[in-house]
Protein chains: 2
Amino acid sequence: MTDQIRQFVLNEIPSGTLTPEHFQLERAPMPEPGDGEVLVKPLYYSLDAANRAWMQGATYRSALEGGMVMAGGSIAEVLSSNDPDFTAGDLVSGDIGWREAAALPAKNLIKQPRMEPLSHLLSVYGVTGLTAYFGLLEVGQPKEGETVVVSAAAGAVGNTVGQIAKIKGCRVVGIAGSDDKCQWLTDELGFDAAVNYKDGPVYKSLKAACPDGIDVYFDNVGGDIFEAVLFQMNMHGRISCCGAVSAYDGTPPPHGPRGVPGMFVVNRLTVRGFIVMDFYEKRDEALAEMQGWVESGQLKVYEDIIDGFENLPNALVDLLAGGNRGKRMVRAG
Amino acid sequence: MTDQIRQFVLNEIPSGTLTPEHFQLERAPMPEPGDGEVLVKPLYYSLDAANRAWMQGATYRSALEGGMVMAGGSIAEVLSSNDPDFTAGDLVSGDIGWREAAALPAKNLIKQPRMEPLSHLLSVYGVTGLTAYFGLLEVGQPKEGETVVVSAAAGAVGNTVGQIAKIKGCRVVGIAGSDDKCQWLTDELGFDAAVNYKDGPVYKSLKAACPDGIDVYFDNVGGDIFEAVLFQMNMHGRISCCGAVSAYDGTPPPHGPRGVPGMFVVNRLTVRGFIVMDFYEKRDEALAEMQGWVESGQLKVYEDIIDGFENLPNALVDLLAGGNRGKRMVRAG
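Residues numbered from 1 in each chain as written. Chains lettered and ligands numbered in written order. Predicted model: local features only at pLDDT ≥ 70, side-chain atom pairs only at ≥ 80, totals over all residues. Heavy atoms only, no water.

**Digging into the overall build of chain A**
Turning to step 1, where the next piece is worked out: The number of helices and strands found in chain A is nine helices and 15 strands.
Turning to step 2, where the next piece is worked out: For a compact globule of 333 residues, the expected C-alpha radius of gyration is about 20 Å, and chain A comes in at 20 Å, within 12% of that figure.
Turning to step 3, where the next piece is worked out: Along the first, second and third principal axes, the C-alpha atoms of chain A reach 60 × 45 × 35 Å.
Turning to step 4, where the next piece is worked out: Looking at chain A residue by residue over its 333 residues, the buried ones come to 56%.
Turning to step 5, where the next piece is worked out: Summarising the internal contacts of chain A: among those between residues at least 6 apart in sequence, 68% fall at separations of at least 24.
Turning to step 6, where the next piece is worked out: When the accessible surface of chain A is summed, it comes to about 13400 Å², and 49% of that surface belongs to carbon and sulfur atoms. (Helix = DSSP H or I, 4+ residues; strand = E, 2+ residues; numbered from the N terminus. Rg over C-alpha atoms; globule rule 2.2 N^0.38 Å. Buried < 20%, exposed > 50% of the residue type's maximum accessible area, 1.4 Å probe, protein only. Contact = heavy atoms within 4.5 Å. Areas by Shrake-Rupley, 256 points an atom, 1.4 Å probe, with all protein chains shown as cover.)

Written out as structure tokens, the structure is:
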């Protein structure tokens, strides 16, 4: 490392679609850790739709504001530490932001095991994998033989949700934004069917793909797709609300899905929003089960890795446009 | 009884607001019970927003159609029976319809105990009371000290929900459609506050009435009120969806509430539709607890009884316009 680092600052909160021009590449002095602080250097930066949601105001974290270093999770190495729990060479995760190094309070960091490949700590064994696991199994509660639908199905969380649902013996239908992605879902990942929402009315294609209705919907997108699914839910169905990416980038939708709350009552649905932290106490159990699936080859890990710190803005903008397959991250260096 | 009975036929499904002219008073011969059937004579007819919902297509029961005798629940007396489980003089409840007598399969009827007043079998000890009980306690899961909001609060279900929430130690805020109703809720029923949704923006009045946010929302109405509440829900809040009366009478709303599903995720809400039958196995327990509250005076029973079979259409139309306080019914005779 030199005595300077690079970092990306968010110039201003976008009022419409996010573009690379909303970010400014800056140089800053190498940070020095204070008392109880740890100096860390990110190795892999996680790119997520949530990065964009944080610009929309306070969510489960405080809102981003113009002039701040861009926020984002990463896997990082400890360079030096003024806290007894960490030593140089430790591997950690945390919201370190888009910078080549940071000095952070020890309590903001979680120690991680060394593993090969390290990137799995951001994909299947990170927030992404755990979000899929808990959102499907704890919130969605799928039973063998039920029909599970997942939107943004070629994304990091979505493809994992679909694969876990298959492991649990469900019929799985993915919704994605291109024929290529749909083919990938059915041919490579073993989804039973996939619907391209850009190719004709999604209600109709979904109806054809789900002849027995829908028991569990894992929702990553909200909006019109939420509405199309809602009207096909079976009695006592469950909707696991993970995000509403359709509302993140661009102007917020002028209205919500029709059928709310009427269809909730008619079909006695349980609709529940969650974030992964809600299930943190069950984390070890979940990781152990997922590790078993990965090792046996039942759960395939798809990563979409872009090299170079300077590519962070483009990597996020492209992810919001649906450019990724599997877990997108940027490798430092 | 004579050898003729009166009955109301639904002429056609209303495309807009329901009016008395949608019903036709007819005379029909006194029905004769066939094998396994029971001849019953309603004493009290229940009027509910659900009567209107059944005209909107299949819900949890098959849709009503033009030309049918109007459907509706009642408390009835058995006149004669061809089923060994029922004898003349028994008291029963069931969906007997708007007619002075009916011959129905025994399986459609539920035997009821004699009590004074009989009308309580339709209000606090009937579907109304049980809907309030299960929808609040099982679905809403209120904890002592939490803020509970209920819409259509002066209605049959709503006023009971509010009273039960008070018994459970919650802060209770009702939403109703007139200053008179609001005053009734706070002065007579012990609600902590009440908001007249016709008097200015409901979001703002609700904000003033709920300084600590809302933990449980018992929703009877859907629509704009659902949206106003949604944006004030606390973390891990619960919404119990009982009905969407705003969508029943008139043309269906062109869109749903904003913030769905985004606010579900941000605040990790659990939103659940239910109908009373979902909890039928816990009925005896619930009735015993409610009886205790009624006898101790903690739970007051409000009934809005109109005399005369011929008044059924007006009683329903007026209920949909918010004309009732407490449980509306029509007494035969």
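Let us keep going from here.
**Examining the domain arrangement of chain A**
Residues and elements named next belong to chain A.
Turning to step 1, where the next piece is worked out: Domain boundaries assigned for chain A yield domain 1 (4–123 + 302–331) and domain 2 (127–277).
Turning to step 2, where the next piece is worked out: The gap between the C-alpha centroids of domain 1 and domain 2 is 28 Å.
Turning to step 3, where the next piece is worked out: Listed as interface residues are 19 residues of domain 1 and, on the opposing side, 20 residues of domain 2.
Turning to step 4, where the next piece is worked out: Note on domain 1 versus domain 2: buried area summed over both sides is about 1600 Å², and carbon and sulfur give 53% of it.
Turning to step 5, where the next piece is worked out: On the domain 1 side of the contact with domain 2, Y60, Y302 and R325 bury the most area, a combined 38% of that side's loss.
Turning to step 6, where the next piece is worked out: Our count for the domain 1 to domain 2 interface comes out at zero salt bridges.
Turning to step 7, where the next piece is worked out: Among the elements that make up the side of domain 1 that touches domain 2, the one with the highest residue count is helix 1 (residues 49–53) (three residues).
Turning to step 8, where the next piece is worked out: Here the side of domain 1 that touches domain 2 is built from residues that sort into seven nonpolar, eight polar and four charged. (Domains from an automatic or database assignment. Buried area = accessible area lost by both parts, 1.4 Å probe. Salt bridge = Lys/Arg side-chain N within 4 Å of Asp/Glu carboxyl O. Nonpolar A, V, L, I, M, F, W, Y, C, P; charged D, E, K, R; others polar.)

**A word on the interface of chain B and chain A**
Turning to step 1, where the next piece is worked out: In this assembly, 33 residues from chain B lie in contact with 33 residues from chain A.
Turning to step 2, where the next piece is worked out: Contact between chain B and chain A buries roughly 2400 Å² in total, counting both sides, with carbon and sulfur atoms accounting for 68%.
Turning to step 3, where the next piece is worked out: In terms of surface lost to chain A, no three residues of chain B exceed P261, V265 and R268 of chain B, which account for 23% of the buried area on that side.
Turning to step 4, where the next piece is worked out: Inspection of the region where chain B meets chain A yields two salt bridges.
Turning to step 5, where the next piece is worked out: One salt bridge in this structure joins D278 of chain A and R268 of chain B, with 2.7 Å as the shortest N-O distance.
Turning to step 6, where the next piece is worked out: Remark: the boundary between chain B and chain A carries six residue pairs in polar contact (both at pLDDT 80 or more).
Turning to step 7, where the next piece is worked out: Elements with a minimum of two residues in the side of chain B that touches chain A: helix 6 (223–230), strand 12 (233–241), helix 7 (262–266) and strand 13 (270–273) of chain B. (Polar contact = N/O pair within 3.5 Å; in protein donor to acceptor, adjacent residues only side chain to side chain.)

**A closer look at the packing of helix 2 (residues 127–140) of chain B against helix 8 (residues 283–296) of chain B**
Residue and element names in this part refer to chain B.
Turning to step 1, where the next piece is worked out: The geometry of helix 2 relative to helix 8 is characterised by a closest axis approach of 10 Å and an angle of 105° between their N-to-C directions. When the axis of helix 2 is compared with that of helix 8, the two are roughly perpendicular. Of the residues in helix 8, those in contact with G129, L130, Y133, F134 and L137 of helix 2 are R283, A286, L287, E289, M290 and W293.
Turning to step 2, where the next piece is worked out: Across the contact of helix 2 with helix 8, the residue classes tally to eight nonpolar, one polar and two charged. (Axes fitted to C-alpha atoms, helices over the stretch in contact; angles between N-to-C directions. Parallel < 35°, antiparallel > 145°, perpendicular 65-115°, else oblique.)

**What to know about helix 4 (residues 179–187) of chain A**
Residue and element names in this part refer to chain A.
Turning to step 1, where the next piece is worked out: All of the buried residues along helix 4 are K181, C182, W184 and L185. Projection of helix 4 onto a plane perpendicular to its axis shows the buried side chains occupying an angular sector of 160°, all on one side. For helix 4, exposure combined with an orientation more than 90 degrees from the buried face picks out D179, D180 and D187.
Turning to step 2, where the next piece is worked out: Those residues of helix 4 hidden inside the fold are in contact with helix 3 (156–167), strand 9 (171–176) and strand 10 (193–196). (Arc of directions from axis to C-beta.)

**Details of the relation of the copies chain B and chain A**
Turning to step 1, where the next piece is worked out: For these two chains of identical sequence, chain B goes onto chain A by a turn of 180° and a shift of 0.0 Å along the axis, with RMSD 0.0 Å. The two molecules are tied by a two-fold rotation axis, judged by turn and shift.
Turning to step 2, where the next piece is worked out: Residue by residue, 100% of the interface of chain B is reproduced at the interface of chain A, so both copies engage with the same surface. (Least-squares fit on C-alpha atoms with pLDDT ≥ 70 in both.)

**Regarding the pairing of strand 8 (residues 147–150) of chain B**
All names here are of chain B.
Turning to step 1, where the next piece is worked out: The alternating pattern of strand 8 places T147 and V149 on one face and V148 and V150 on the opposite face, and all of these are buried.
Turning to step 2, where the next piece is worked out: As judged from the four bridges shared by strand 8 and strand 9 (residues 171–176), these two strands associate in the parallel manner. Looking across to strand 9, one finds that V148 is bridged to V172.
Turning to step 3, where the next piece is worked out: Where the polypeptide runs from strand 8 across helix 3 (residues 156–167) and back to strand 9, its parallel neighbour, the crossover connection is right-handed.
Turning to step 4, where the next piece is worked out: Relative to strand 11 (residues 214–219), strand 8 runs parallel, the two sharing three bridges. By the bridge assignment for strand 11, V150 is matched with F218. (Pairing = 2+ DSSP bridges. Right-handed = clockwise from strand over helix to strand, strands pointing away.)

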